[in-house]
Amino acid sequence: MFENFSVLANNRQSCRDFNDKPLEKETIDKIIELSMLAPSACNSQPWKMYVVSEESALKKVAKTLQDMMMNKFTNKAKAFIVLGECNATLKLGASLKFDRNHFVKYDIGQISAYITLAAESLGVSSCIIGWVNEKELKKALSMPEEEGCSIVIALGYSDTPKRKKMRKDKDKVVVEII
């Protein structure tokens, strides 16, 4: 099992060069099903996934990600998963100590990782996008005003070869306390 995850973690990278191959609905459904297994604080699952794959909706969403000439590659995405941030329902002990939305951003990070790893496991490339015109995106998807939205994941296939991962040295990022 470790070997499988090691290959998956080494292969997953942010893709900014999607090809023209269509992304099948069944594949998107599998990505969603796997990502729904992501953990969250008190199992609150404070998210809603807006799955965008219809051509005119893809164009609207891509436009909301391209402020200030950013993210032009999103025009070639075959699907987007927009993560709506909902109010969390925490267990009593946690709700007494923390604001009910204290963990939402962490939980959105968890599901983002699950989405991208699920996609990679199915041969689908992805890119997590945090450069979002939230007001326009929410309008384009008719999202409720009370929902936050700061993460969109672009999906598609790519012919671009995998890059060698460049990471800081372990001694720069790990502090061992023994």
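Each value, and the rule that gives it
Residues numbered from 1 in each chain as written. Predicted model: local features only at pLDDT ≥ 70, side-chain atom pairs only at ≥ 80, totals over all residues. Heavy atoms only, no water. Helix = DSSP H or I, 4+ residues; strand = E, 2+ residues; numbered from the N terminus. Buried < 20%, exposed > 50% of the residue type's maximum accessible area, 1.4 Å probe, protein only. Contact = heavy atoms within 4.5 Å. Arc of directions from axis to C-beta. Salt bridge = Lys/Arg side-chain N within 4 Å of Asp/Glu carboxyl O.

## A closer look at the overall build of the chain
Phase 1 of the analysis: Counting its regular elements, the chain contains seven helices and four strands.
Phase 2 of the analysis: Its helices and strands taken in sequence order, the chain reads α-α-β-α-β-α-α-β-α-β-α from the N to the C terminus.
Phase 3 of the analysis: Considered along the principal axes of its C-alpha atoms, the chain spans approximately 50 × 45 × 35 Å.
Phase 4 of the analysis: Per-residue burial over the chain gives 40% buried out of 178 residues.
Phase 5 of the analysis: Taking as baseline every contact in the chain between residues at least 6 positions apart, the subset at least 24 positions apart corresponds to 78%.

## Some points on helix α2 (residues 25-35)
Phase 1 of the analysis: Inspection of α2 places Thr27, Ile28, Ile31, Ile32 and Ser35 among the buried residues, and these make up the whole buried set. Each buried residue of α2 sits inside an arc of 140° when the element is viewed along its axis, so together they form one side. In α2, those exposed residues whose orientation departs by more than 90 degrees from the buried face are Lys25, Glu26 and Glu33.
Phase 2 of the analysis: Summarising the contacts, the buried residues of α2 are in contact with β1 (47-52), β2 (79-85), α5 (104-121) and β4 (148-156).

## Quick word on the pattern of salt bridges
Phase 1 of the analysis: A complete count under the given rule lists six salt bridges for this structure.
Phase 2 of the analysis: For Lys76, the salt bridge goes to Asp17, with nearest N and O atoms at 3.5 Å. Taken together, the residues span a long stretch of sequence, with Lys76 in the loop between α3 (55-64) and β2 and Asp17 in the loop between α1 (2-11) and α2 at a distance of 59 residues.
Phase 3 of the analysis: A salt bridge links Lys48 to Glu147; its shortest N-O distance comes to 3.1 Å.

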